[in-house]
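Spelled out from the first residue to the last, the chains are:
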Amino acid sequence: MKKIVIAIDGFSSCGKSTMAKALARNIGYLYFDSGAMYRAVALYCMQNGIIANGEIDTERLRAAMDNIKITFGTDEETKAQITFLNDTNVESEIRSLEVSQQVSRVAALDFVRTALIDQQREMGKAKGIVMDGRDIGTTVFPDAELKIFVTASAEVRARRRYDELVARGSNPDYSEILANVVERDHLDQTREVSPLRKADDALLLDNSEMTIDGQLQWLCEQYKKIAEQ
Ligand code: DC
């Protein structure tokens, strides 16, 4: 089997990271969550007063980029990915609502993207990786051997987020969630730098009607077709 790079991009809340992790585990590849890197930069800004009242001090952030070191490790017990910011485990902090609210502003800055894309390319040098994000197949690895673009209807994604929140004990409003999903789709697709779009050579996976097992099986089949060539 030849070692390849697998790029998985797509809309928010469509289960990209669940499927990317499952695929990587199944075929013995390393998994990288590029969104975690943008989240770690946003956390750094919050910890160092570079974001205050929703405003980013872009000049301070530009000067600080060389001091932001993001690395990944693995939790021995759960085998889950852990994100480190300057050697501190920040995996749980980067998933907080506060970080989620700030990260898209940080991810829209061209100098942040350039720095992170360089690191992402370094991670893929030896191949044998699955990376998920928004611009992996278009910008980070335009030559990736396998590219998947994942989508599901806005209603299905809103329903999944609604169910997740209910399972965590909240009492969410479905129409509010749906409006947020539609708005984020619009922002992701219309931002100036690296907007979300399907690479011409990416396979489209609409998982609205698929089970998690069904998706994994489909992904493994696509991987085999290419890696066995
Ligand atoms: O996938 P996520 O929700 O963890 O992504 C966090 C943010 O980073 C989100 O605003 C989209 C952005 N992002 C990006 O612009 N490019 C990527 N390759 C990955 C994530």
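Here the structure is a predicted model, which means the values were calculated and not measured.

Draft legend 1. Structural detail: the overall build of the protein. When helices and strands are tallied, the protein shows 9 helices and 10 strands. Here the C-alpha atoms of the protein give a radius of gyration of 17 Å, agreeing with the 17 Å that 2.2 N^0.38 yields for 229 residues. Looking at the protein residue by residue over its 229 residues, the buried ones come to 48%. Total accessible area on the protein stands at roughly 12100 Å², and carbon and sulfur atoms take up 48% of it. Within the protein, the 36 negative side-chain charges are centred at a point lying 3 Å from the centre of the 29 positive side-chain charges.

Draft legend 2. Representation of the site of the ligand within the structure. The ligand sits among 13 residues. The nearest are Ser34, Arg39, Arg113, Arg134 and Asp135. Residue Arg39 places a side-chain N or O atom 2.8 Å away from an oxygen atom belonging to the ligand. Between the ligand and the protein, one listed contact pairs an oxygen atom with a side-chain N or O atom of Arg191 at 3.0 Å. Across the complex, the protein chains shield 90% of the 440 Å² of accessible surface that the ligand would expose by itself. Elements represented by at least two residues in the shell around the ligand include exactly helix H2 (34-47) and helix H4 (97-107). Here the element with the most residues in the shell around the ligand is H2; it accounts for 4 residues. Grouping the constituent residues of the shell around the ligand by class yields 4 nonpolar, 4 polar and 5 charged.

Draft legend 3. Summary view of the environment of Lys127. Inspection of the secondary structure assignment puts Lys127 in the loop between helix H5 (110-123) and strand S8 (129-133). For the pair Lys127 and Gln102, spaced 25 residues apart in the sequence, the C-alpha separation amounts to 32 Å. The residues contacting Lys127, other than those within four sequence positions of it, are Lys3, Ile4, Val5 and Glu145. At 2.4 Å, the side chain of Lys127 forms a polar contact with the side chain of Glu145.

Draft legend 4. How the structure looks around unusual backbone geometry. Despite not being glycine, Lys127 shows a phi value in the positive range, around 60°. Residue Lys127 is classed as partly exposed on the basis of its relative accessible area, which comes to 33%. In this structure, Ser194 takes a positive phi of about 45° despite not being glycine. As for its placement among the helices and strands, Ser194 is situated in the loop between helix H8 (174-190) and strand S10 (203-206).

Draft legend 5. Representation of the packing of aromatic side chains in the model. Applying the stated criterion to the full structure yields 4 aromatic pairs. Residues Phe11 and Phe149 carry aromatic rings whose centres are separated by 5.8 Å and whose planes lie at 80° to one another, so their mutual orientation is edge-to-face. Placement of Phe11 in the loop between strand S1 (5-10) and helix H1 (16-27) and of Phe149 in strand S9 (residues 146-151) is noted, with a sequence separation of 138 residues between them. Assigned by exposure class, Phe11 and Phe149 land together as buried. Between Tyr29 and Tyr223, the ring centres sit 5.6 Å apart and the planes meet at 80°, which makes this aromatic pair edge-to-face. One end of the pair, Tyr29, is in the loop between H1 and strand S2 (30-33); the other, Tyr223, is in helix H9 (residues 212-227), and 194 residues separate them in sequence. With a relative accessible area of 7%, Tyr223 lands in the buried category. Positioned over the ring face of Tyr174 is Arg159, at 4.8 Å from the centre of the ring.

Draft legend 6. Inspection of the side chain of Asp132 at higher detail. Here Asp132 is to be found in strand S8. Of the side chains with opposite charge, Lys16 lies nearest to the buried Asp132, which makes no salt bridge, at 5.8 Å. Within the structure, Asp132 has its side chain in polar contact with the side chain of Tyr31 (distance 3.2 Å).

Draft legend 7. View of the packing of H2 against H4. Remark: H2 packs on H4, axes separated minimally by 8 Å, with the N-to-C direction vectors making an angle of 105°. Regarding the angle of H2 to H4, the classification is roughly perpendicular. From H2, Tyr38, Arg39, Val41, Ala42, Leu43 and Met46 reach across to H4, where they touch Glu98, Val99, Ser100, Gln102, Val103, Val106 and Ala107.

Rules behind the numbers
- Residues numbered from 1 in each chain as written.
- Predicted model: local features only at pLDDT ≥ 70, side-chain atom pairs only at ≥ 80, totals over all residues.
- Heavy atoms only, no water.
- Helix = DSSP H or I, 4+ residues; strand = E, 2+ residues; numbered from the N terminus.
- Rg over C-alpha atoms; globule rule 2.2 N^0.38 Å.
- Buried < 20%, exposed > 50% of the residue type's maximum accessible area, 1.4 Å probe, protein only.
- Areas by Shrake-Rupley, 256 points an atom, 1.4 Å probe, with all protein chains shown as cover.
- Lys, Arg positive; Asp, Glu negative; His and termini not counted.
- Charge placed at Lys NZ, Arg CZ, Asp CG, Glu CD.
- Near = heavy atom within 4 Å.
- Polar contact = N/O pair within 3.5 Å; in protein donor to acceptor, adjacent residues only side chain to side chain.
- Nonpolar A, V, L, I, M, F, W, Y, C, P; charged D, E, K, R; others polar.
- Contact = heavy atoms within 4.5 Å.
- Phe/Tyr/Trp six-rings, centres within 6.5 Å; stacked < 30°, edge-to-face > 60°.
- Lys NZ or Arg CZ within 6 Å of the ring centre and 35° of its normal.
- Salt bridge = Lys/Arg side-chain N within 4 Å of Asp/Glu carboxyl O.
- Axes fitted to C-alpha atoms, helices over the stretch in contact; angles between N-to-C directions.
- Parallel < 35°, antiparallel > 145°, perpendicular 65-115°, else oblique.

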